[in-house]
Amino acid sequence: MLRDITLGQYYQTESVIHRLDPRVKLAGTVVFIISLFCFHNIWGYLCAALFLFAVVKLSKVPFKFMIKGMRSIMFLLLITVVFNLFLTPGETVLTIWKLHITKEGIRIAVFMVIRLTMLIIGSSLMTLTTTPNNLTDGMEKALSPLKLFRLPVHEIAMIMSIALRFIPILMEETDKIMKAQIARGADFESGNIFKKAKAMVPLLVPLFISAFRRANDLAMAMEARCYRGGEGRTKMKPLIYKKRDAAAYLLLFVYLAGSIVVDRVPNMIAKTPVEEQAVTTEGALSEVDLSDFGGLDNIQD
């Protein structure tokens, strides 16, 4: 399962998405994630799914490879579904002992699963198509306006890039430690979830030692190369926007505008008959007040 985590890994291939400026991919990922939390019906999520499918196809990253990364969050998805099914108030559909499954809970649970699935795939796509160096440069450029507030933008970008880069490294190290302990008789598979969690505790000490050793080696390597932060540093390959980046920004804007329209229009259409009925009812009441009671003068007499 640890090898199934794709977040932080880079998939080497030639594609349009790989050649895009990292700032475009960062902006696209942020916009896509924000859009997922703005949808209110299935049509918005369907639009997002079509957009994500098109980007995955253009990236030439195997879809099976991306789906493999979903196995590591199945437990999180299961907890999310259970909590939304049983703890959301509304119209009861099914009762199991003292627990009630509501119509609103089913709707929220389905939307939450779709949202988290596309969120993980969209976030993984950014790291799978961007090298750590380009990701650092893109973050630094994107956050450069924060330098006006004296924030260490380069250091922040470097920390985030190293953290993403260490995810697959630590997962691989954990897998090696587990195999070494299994060869010595350790059991990580039998028992309930609490016993499995307790069996994972002996992994923490060697994992932390390995992580600190790798961090120390990285710090020594940076010191040996006279790394002193981002002040005055130059780039071997400076980031320059090209025509394909402008086209990507335009497509991103079209997706955002189109998804908002697709998400809002069904609600507007559904409200129109109700509003017309309200206007008709109000007019009918006005006619009844004037005709049946002979106006305000007759009422006062």
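Notes on the structure in this doc start here. (Residues numbered from 1 in each chain as written. Predicted model: local features only at pLDDT ≥ 70, side-chain atom pairs only at ≥ 80, totals over all residues. Heavy atoms only, no water.)

### Structural notes on the overall build of the protein chain
Now for step 1: Check the secondary structure of the protein chain and you find twelve helices and two strands.
Now for step 2: Along the chain direction, N to C, the helices and strands of the protein chain fall in the order α-α-α-α-α-β-β-α-α-α-α-α-α-α.
Now for step 3: Relative to its 301 residues, the protein chain shows a buried fraction of 32%. (Helix = DSSP H or I, 4+ residues; strand = E, 2+ residues; numbered from the N terminus. Buried < 20%, exposed > 50% of the residue type's maximum accessible area, 1.4 Å probe, protein only.)

### Examining the packing of aromatic side chains
Now for step 1: The tally for this structure, following the rule as stated, stands at eight aromatic pairs.
Now for step 2: Ring geometry for Tyr11 versus Phe65: centroids 5.5 Å apart, planes at 50°, classification tilted. In this pair, Tyr11 sits in the segment before α1 (16-19) while Phe65 sits in helix α4 (residues 63-68), placing the two residues 54 residues apart along the sequence.
Now for step 3: Exposure remark for Tyr11: the relative accessible area of 26% places this residue in the partly exposed category.
Now for step 4: An angle of 35° between the planes, with centres 6.2 Å apart, marks the rings of Phe32 and Tyr255 as tilted. Here Tyr255 lies in helix α11 (residues 243-292) and Phe32 lies in helix α2 (residues 22-36), a separation of 223 residues in the sequence. (Phe/Tyr/Trp six-rings, centres within 6.5 Å; stacked < 30°, edge-to-face > 60°.)

### Side note on the nonpolar core
Now for step 1: Of all hydrophobic cores here, the largest spans 27 residues; its most connected members are Phe32, Leu36, Ala48, Met66 and Met118.
Now for step 2: At the level of secondary structure, the elements contributing two or more residues to this core comprise α2, α3 (42-59), α4, α6 (103-128) and α11.
Now for step 3: For this core, the leading source of residues is α6, giving seven residues.
Now for step 4: Aside from chain neighbours lying at most four places away, what touches Met118 is Phe32, Leu36, Tyr45, Ala48, Ala49 and Leu52. (Core = buried A, V, L, I, M, F, W, Y, C linked by side-chain atoms within 4.5 Å. Contact = heavy atoms within 4.5 Å.)

### Details of the environment of Ala27
Now for step 1: Tracing the chain through its elements places Ala27 in helix α2.
Now for step 2: Since its relative accessible area comes to 26%, Ala27 is described here as partly exposed.
Now for step 3: A C-alpha to C-alpha distance of 9.0 Å links Ala27 and Leu252, two positions 225 residues apart in sequence.
Now for step 4: Setting aside residues up to four positions removed in sequence, Ala27 forms contacts with Tyr249 and Leu252.

### Some thoughts on the pattern of salt bridges
Now for step 1: For the coordinates displayed, the defined rule picks out five salt bridges.
Now for step 2: Notably, a salt bridge pairs Glu14 with Arg19, separated by 3.6 Å at the nearest N-O pair.
Now for step 3: By relative accessible area, which is 52% here, Glu14 ends up exposed.
Now for step 4: By relative accessible area, which is 40% here, Arg19 ends up partly exposed. (Salt bridge = Lys/Arg side-chain N within 4 Å of Asp/Glu carboxyl O.)

### Points about unusual backbone geometry
Now for step 1: Located in the positive-phi region is Lys60, a residue other than glycine, with phi close to 60°.
Now for step 2: Considering the arrangement of structural elements, one finds Lys60 in the loop between α3 and α4.
Now for step 3: According to the relative accessible area criterion, Lys60 is exposed, its value standing at 54%.
Now for step 4: At Arg150, a position not held by glycine, the phi torsion is positive, near 60°.
Now for step 5: Looking at the element boundaries, Arg150 is found in the loop between α7 (132-142) and α8 (153-183).

### As for the pairing of strand β2 (residues 99-102)
Now for step 1: For strand β1 (residues 92-96) and β2, the ladder comprises four bridges, and the chain directions are antiparallel. Bridging across to β2, Thr92 finds its partner in Thr102.
Now for step 2: Counting the residues that bridge the hairpin from β1 to β2 gives two residues, and of these Trp97 lies at a positive phi of roughly 60°. (Pairing = 2+ DSSP bridges.)

### Quick word on a nonpolar patch on the surface
Now for step 1: On the surface, Phe75, Leu78, Ile79, Val82, Phe83, Leu87, Ile193 and Phe194 cluster together to form a nonpolar patch covering roughly 850 Å² of accessible area.
Now for step 2: For the nonpolar patch, the secondary structure elements donating two or more residues are α5 (74-87) and α9 (193-199).
Now for step 3: A total of six residues in the nonpolar patch trace back to one element, the largest contributor, which is α5.
Now for step 4: Here Ile79 lies in helix α5. (Patch = residues over 30% accessible without salt bridge, like charges linked within 9 Å, V, L, I, M, F, W, Y side chains within 5 Å. Areas by Shrake-Rupley, 256 points an atom, 1.4 Å probe, with all protein chains shown as cover.)

### Quick look at helix α10 (residues 204-224)
Now for step 1: End to end, α10 covers 30 Å across 21 residues, agreeing with the expected 30 Å (1.5 Å per residue, within 8%).
Now for step 2: Among all positions in α10, only Leu207, Ser210 and Ala211 are buried. Buried residues of α10, viewed axially, fall in a sector of 100°; they line one side. Away from its buried face, by an angle of more than 90 degrees, α10 presents the exposed residues Val205, Phe212, Met220, Glu223 and Ala224.
Now for step 3: Lining the buried residues of α10 we find α8.
Now for step 4: Among the residues trailing α10, Cys226 stands out with phi positive, at a value near 60°. (Expected span 1.5 Å × (residues − 1). Arc of directions from axis to C-beta.)

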